[in-house]
Amino acid sequence: TYHVELQIDGDLHVDATSRVDANGCGWADANAPGPGYPSIGYRAGSHGGLAEDAGTAVCYGSIRRPVLSGSGNRSASINVGGGVIRLNVDGTSTIDGTVSANGLDAYWDAAAGGSVWISTRRLRGTGGITANGGYSWALTYGAGGGGRVAVWLTAPGEDFGGFPVTNITAYGAKRKGTTKNERV
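Q: Can you lay out the overall build of the chain for me, pointing to particular residues and giving the numbers?
A: If you tally the helices and strands in the chain, you get zero helices and nine strands. Along the chain direction, N to C, the helices and strands of the chain fall in the order β-β-β-β-β-β-β-β-β. Taking as baseline every contact in the chain between residues at least 6 positions apart, the subset at least 24 positions apart corresponds to 75%. As presented, the chain carries roughly 8,300 Å² of accessible surface, and 51% of it is formed by carbon and sulfur atoms.

Q: Outline the packing of aromatic side chains, listing residues and values.
A: One pair of aromatic rings is described through two measures. These are the centre distance and the angle between the planes. Following the criterion strictly, the structure yields two aromatic pairs and no others. Summarising the aromatic geometry, the rings of Trp 27 and Tyr 60 are spaced 6.3 Å apart at their centres and angled 65° between planes, so their arrangement reads as edge-to-face. Within this pair, whereas Trp 27 is found in the loop between strand S3 (19–21) and strand S4 (84–95), its partner Tyr 60 is found in the loop between S3 and S4, the two being separated by 33 residues in sequence. Look at Trp 27 and you get partly exposed, because its relative accessible area is 21%. Given the relative accessible area of 9%, Tyr 60 is considered buried. It is Arg 86 that lies over the ring of Trp 117; its NZ or CZ is 3.7 Å from the centre.

Parameters and conventions
Positions within a chain are numbered from 1, following the residues in the order the chain's sequence is written. Selection of residues for local features in this predicted model requires a pLDDT of at least 70, selection of side-chain atom pairs for listing and counting requires 80 or more, and totals for whole chains, interfaces and linings are taken over all residues. Hydrogens and water molecules were not included; the side-chain quantities draw on all heavy atoms of the structure. Helical segments are the DSSP runs of H or I of at least four residues, strand segments are the runs of E of at least two, and each set is numbered from the N terminus. Residues count as neighbours in contact if any of their non-hydrogen atoms are within 4.5 Å of one another. Method for areas: the Shrake-Rupley scheme with a 1.4 Å probe, in which residue coverage is limited to the protein chains shown. Two aromatic rings from Phe, Tyr or Trp, using only the six-membered ring of Trp, form a pair when their centres are within 6.5 Å; if the ring planes differ by under 30 degrees the pair is stacked, by over 60 it is edge-to-face, and anything between is tilted. Buried, partly exposed and exposed residues are distinguished by accessible area as a fraction of the type maximum, computed with a 1.4 Å probe on protein chains only: under 20%, between the cut-offs, and over 50%, respectively. Should the NZ of a Lys or the CZ of an Arg lie within 6 Å of a ring centre and within 35 degrees of the ring normal, that charge is described as sitting over the ring.

Structural data, given as C-alpha cells:
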C-alpha cells in the first residue's frame, strides 16, 4: 500500500487543476483487513463501510485518526483499494482541486475507499476531499465500501464555514448496472 504524508509549515493550496491522489494505492488482495476473499466466494472490499456484498468482511480503522488503506479483491492490477493521505498543515488549507483516496472501479467486485486525514488551522475552497468506494460495472457483482475521512480544524473557534462539507465524502458505491450511478 502507498501512503502520502506531508508536513507543511505554512499554507497549502491545491488549485482547481491539481490533486493529491492516492486512488487505487491500497490493498489488492486477501492480506487486507476487509477483503471479501476468502469469504464464501469473492466479494467487494470493505473499510470504513461494508461493501455492497460484504460476505464475512468487517469494517476496520479509526474514525478520528484514519491511517489504513482500503481493501480490494480478486486482482492486484484492477481491483485495488484507496491508499492513505495524511496532511498536517500549520496554516490554512485551500482545497479547490481534489484530495482523494478512492477505491478503484472494477467489472466484478470493486475496492473500498482508503483514508484521508487532514489537520489544518483553517479549511477553505470549493474542491473535494474523498475516500469513496469503487463502482462495480456488472449487475451481479458488488461495489466497494466507503473509506474514512477526518478533518481537524486547529484554529480556536474555527468551523467549516469556508468549505462545503458536502464535498467531504467517504461513500460506498452502487453497481454501475443500476439505473443511476449514485453513491450511498
